[in-house]
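Take a look at the letters that make up each chain.
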Amino acid sequence: MSDGEKVPVLVTGGAGYIGSHAVLALKDAGWPVAVIDNLTTGFRFAVPDDVPFYEGDIEDAALLARIFAEQGTKAIMHFAGSIIVPESVADPLKYYHNNTAKSRVLIATAVAAGVPHFIFSSTAATYGVPESSPVREDDPKSPINPYGWSKLMTEQMLADTSAAHPLNFCVLRYFNVAGADPQARTGQSTAGATHLIKVACEAALGKRDKVSVFGTDYDTPDGTGVRDYIHVSDLAAAHVHALAALVADPARSLTMNCGYGRGFSVLEVLAAVDRVTGGKVTREMGPRRAGDPAALVSDPARIRATLPWVPQHDDLDTIITHALAWEQKLSTIRPEH
Ligand SMILES: NC(=O)c1ccc[n+]([C@@H]2O[C@H](COP(=O)([O-])OP(=O)(O)OC[C@H]3O[C@@H](n4cnc5c(N)ncnc54)[C@H](O)[C@@H]3O)[C@@H](O)[C@H]2O)c1
Ligand SMILES: O=c1ccn([C@@H]2O[C@H](COP(=O)(O)OP(=O)(O)O[C@H]3O[C@H](CO)[C@@H](O)[C@H](O)[C@H]3O)[C@@H](O)[C@H]2O)c(=O)[nH]1
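Residues numbered from 1 in each chain as written. Chains lettered and ligands numbered in written order. Predicted model: local features only at pLDDT ≥ 70, side-chain atom pairs only at ≥ 80, totals over all residues. Heavy atoms only, no water.

Looking at an unreviewed UniProt entry, the protein chain carries the name UDP-glucose 4-epimerase, with the source organism given as Aurantiacibacter flavus. Quoted verbatim from the Sequence similarities (unreviewed entry) heading of the UniProt record, the comment on the protein chain is "Belongs to the NAD(P)-dependent epimerase/dehydratase family." Per its UniProt entry, the protein chain bears the Pathway (unreviewed entry) comment "Carbohydrate metabolism; galactose metabolism." (UniProt positions renumbered as here; feature names shortened; annotations may be inferred.)

If you want it as structure tokens, here you go:
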């Protein structure tokens, strides 16, 4: 990790899945860190007791200003948001409010307080159905749902704001985030999750009776959807490297894909779950899910060239092993799930 200056960081959404891993990565690397989260989908238990925690909403500008003053905040990692694609289609204004309008409040409050660095959780959903795969950062951005648009609009706000004010930013476009902290300190805890690896682990542990395979007639090697699964702890580490890069060069902003640059099909993921558990998850072949591209794989060349980031867990079986370990621990923390 960087030997440079370690400035105080505010993590929004730090009680959520990815944010809680980022908090651990920052803490482990010696960065002062605080969290704001409204606990709509996050969990207080996901934030270590020695990390200052503010329960509140990122649209509360007065609270943000108080946190910046109390913590001496010099960087923001912005994970807070709503993340369910079909919900964004049914209730787009919720997404333009929670993801776009509230991000505007956060950015404006940061500018007013002179917070100079900003890292933003964006998504491969900004590309829509990519014209080619692997996907590069400069490829066309044409989201096919309000979730993707709500994120792309925030990317644009950051770029425009950075051009006008002393704030540099890093947009990280995540591909499919999976797995859990290797020490099982945190993981994906949301009930009713829809992500394939989480769903498959729940099925492997008997929390669900089957996994539905959404489409078997895609133009992919085995007909099922292909995705670039990245271990959440590698993703968290990428954030820490990105932050060090922003602090080291305040004139520089970055936009980077976060993935490993290789894809696995749904059937390959299920085979890996069976391999890891020695069991057999029940699969039910079904129709395509609306809005799913056939294949979504990152071109990771830019992040690999820009940051000294070396993935530690680029292995599907490892991702699944860690996801399963967390899923087992979660049963003891939240027995109802
Ligand atoms: N999970 C993925 O595969 C994935 C992929 C691409 C991008 N992302 C992005 O990463 C970020 C984190 O996603 P996640 O999977 O950890 O989701 P999550 O739901 O676990 O975490 C989001 C956190 O933000 C909090 N939150 C939501 N709205 C808030 C608000 N207005 N004020 C304060 N706190 C608020 C929630 O309580 C929760 O703790 C999101 O911005 C998401 O869009 C996730
Ligand atoms: O029960 C399931 C769940 C998923 N899938 C398939 O598995 C693949 C992955 O699906 P999922 O885990 O739901 O992730 P995505 O729909 O690819 O979207 C995730 O990854 C995107 C970035 O690539 C993010 O923007 C989204 O927020 C995040 O949910 C797709 O082919 C799905 O059709 C199934 O077959 N059965």
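A. Main features of the pattern of salt bridges. This structure, assessed with the given rule, holds 20 salt bridges. Residue Lys-27 pairs with Asp-50 through a salt bridge whose shortest N-O separation is 2.9 Å. Of this pair, Lys-27 sits in helix α1 (residues 17-28) while Asp-50 sits in the loop between β2 (33-37) and β3 (53-55), placing them 23 residues apart in sequence. Across the salt bridge formed by Arg-302 and Glu-137, the nearest N and O atoms sit 3.9 Å from each other. Here Arg-302 is found in helix α9 (residues 301-306), whereas its partner Glu-137 is found in the loop between β5 (117-123) and α5 (146-164), with 165 residues between them in sequence. One network of salt bridges, in which partners are shared, links Lys-198, Glu-202, Lys-207, Arg-208 and Glu-327. (Salt bridge = Lys/Arg side-chain N within 4 Å of Asp/Glu carboxyl O. Helix = DSSP H or I, 4+ residues; strand = E, 2+ residues; numbered from the N terminus.)

B. Representation of unusual backbone geometry within the structure. In this structure, Pro-134 follows Ser-133 across a cis peptide bond, with omega equal to 5 degrees. Relative to the assigned elements, Pro-134 resides in the loop between β5 and α5. Positive phi is not limited to glycine here, since Leu-39 has a value of about 60 degrees. Along the chain, the position of Leu-39 falls in the loop between β2 and β3. Look at Leu-39 and you get partly exposed, because its relative accessible area is 24%. (Buried < 20%, exposed > 50% of the residue type's maximum accessible area, 1.4 Å probe, protein only.)

C. Just the site of ligand 2, in detail. Residues in contact with ligand 2 amount to 22 residues; listed here are only the nearest, Thr-123, Leu-196, Ser-212, Arg-227 and Asp-292. The side chain of Asn-176 places a nitrogen or oxygen atom 2.9 Å from an oxygen atom of ligand 2. Between ligand 2 and Arg-289, the relevant distance is 2.8 Å, taken from an oxygen atom to a side-chain nitrogen or oxygen of the residue. Burial of ligand 2 by the protein amounts to 90% of the accessible area it has alone, namely 690 Å². Counting only elements with at least two residues in the shell around ligand 2, the list comes to α6 (196-204) and β8 (211-214). Top contributing element to the shell around ligand 2 by residue count: β8, with 3 residues. Partitioning the shell around ligand 2 into residue classes produces 13 nonpolar, 6 polar and 3 charged. (Near = heavy atom within 4 Å. Polar contact = N/O pair within 3.5 Å; in protein donor to acceptor, adjacent residues only side chain to side chain. Areas by Shrake-Rupley, 256 points an atom, 1.4 Å probe, with all protein chains shown as cover. Nonpolar A, V, L, I, M, F, W, Y, C, P; charged D, E, K, R; others polar.)

D. Representation of the UniProt feature "domain: NAD-dependent epimerase/dehydratase" (unreviewed entry) in the protein chain in the model. When the UniProt feature table is mapped onto this chain, "domain: NAD-dependent epimerase/dehydratase" (unreviewed entry) is found at residues 9-251. Helix and strand shares over residues 9-251 are 40% and 17% respectively, and the end C-alpha atoms of the span are 19 Å apart.

E. Spotlight on the sheet that holds strand β9 (residues 226-227). Read across the open sheet, the 3 strands follow the order β12-β9-β14; overall the sheet is mixed. Lying at the two open borders of the sheet, with one neighbouring strand each, are β12 (264-265) and β14 (295-296). Note: β9 against β14, 2 bridges, orientation parallel. Within β14, the residue paired with Val-226 across the bridge is Ala-295. (Pairing = 2+ DSSP bridges.)

F. Seen up close, helix α2 (residues 61-71). For α2, the set of buried residues is Leu-63, Leu-64, Ile-67 and Phe-68. Summarising the axial view, the buried residues of α2 lie within an arc of 135 degrees, below the 170-degree limit, and thus occupy one face. Facing away from the buried side of α2 by over 90 degrees, the exposed positions are Ala-62 and Ala-69. Residue Gly-72 follows α2 closely and has a positive phi angle near 65 degrees. (Arc of directions from axis to C-beta.)

G. Focus on the site of ligand 1. Taken together, 29 residues lie near ligand 1, and Ile-18, Asp-37, Thr-41, Tyr-147 and Lys-151 sit nearest. With respect to ligand 1, the side chain of Lys-151 contributes an N or O atom lying 2.7 Å from an oxygen atom. Counting residues per element, the shell around ligand 1 draws most heavily on β5, which supplies 3 residues.

H. View of the side chain of Asp-37. Tracing the backbone shows Asp-37 in strand β2. Among the polar contacts listed, one links the side chain of Asp-37 to the backbone nitrogen of Leu-39, at a separation of 2.6 Å. Not counting residues within four places of it along the chain, the set of residues in contact with Asp-37 comprises Gly-13, Gly-14, Ala-15, Gly-16, Gly-42, Phe-53, Tyr-54, Glu-55 and Gly-56. (Contact = heavy atoms within 4.5 Å.)

I. Quick peek at the environment of Ala-25. Looking at the secondary structure, you find Ala-25 in helix α1. Overall, the relative accessible area of 17% leaves Ala-25 in the buried class. When the C-alpha positions of Ala-25 and Ala-237 are compared, they lie 6.1 Å apart, and in sequence the two are 212 residues distant. Leave out the neighbours within four places in its chain, and Ala-25 touches Ala-236, Ala-237 and Val-240.

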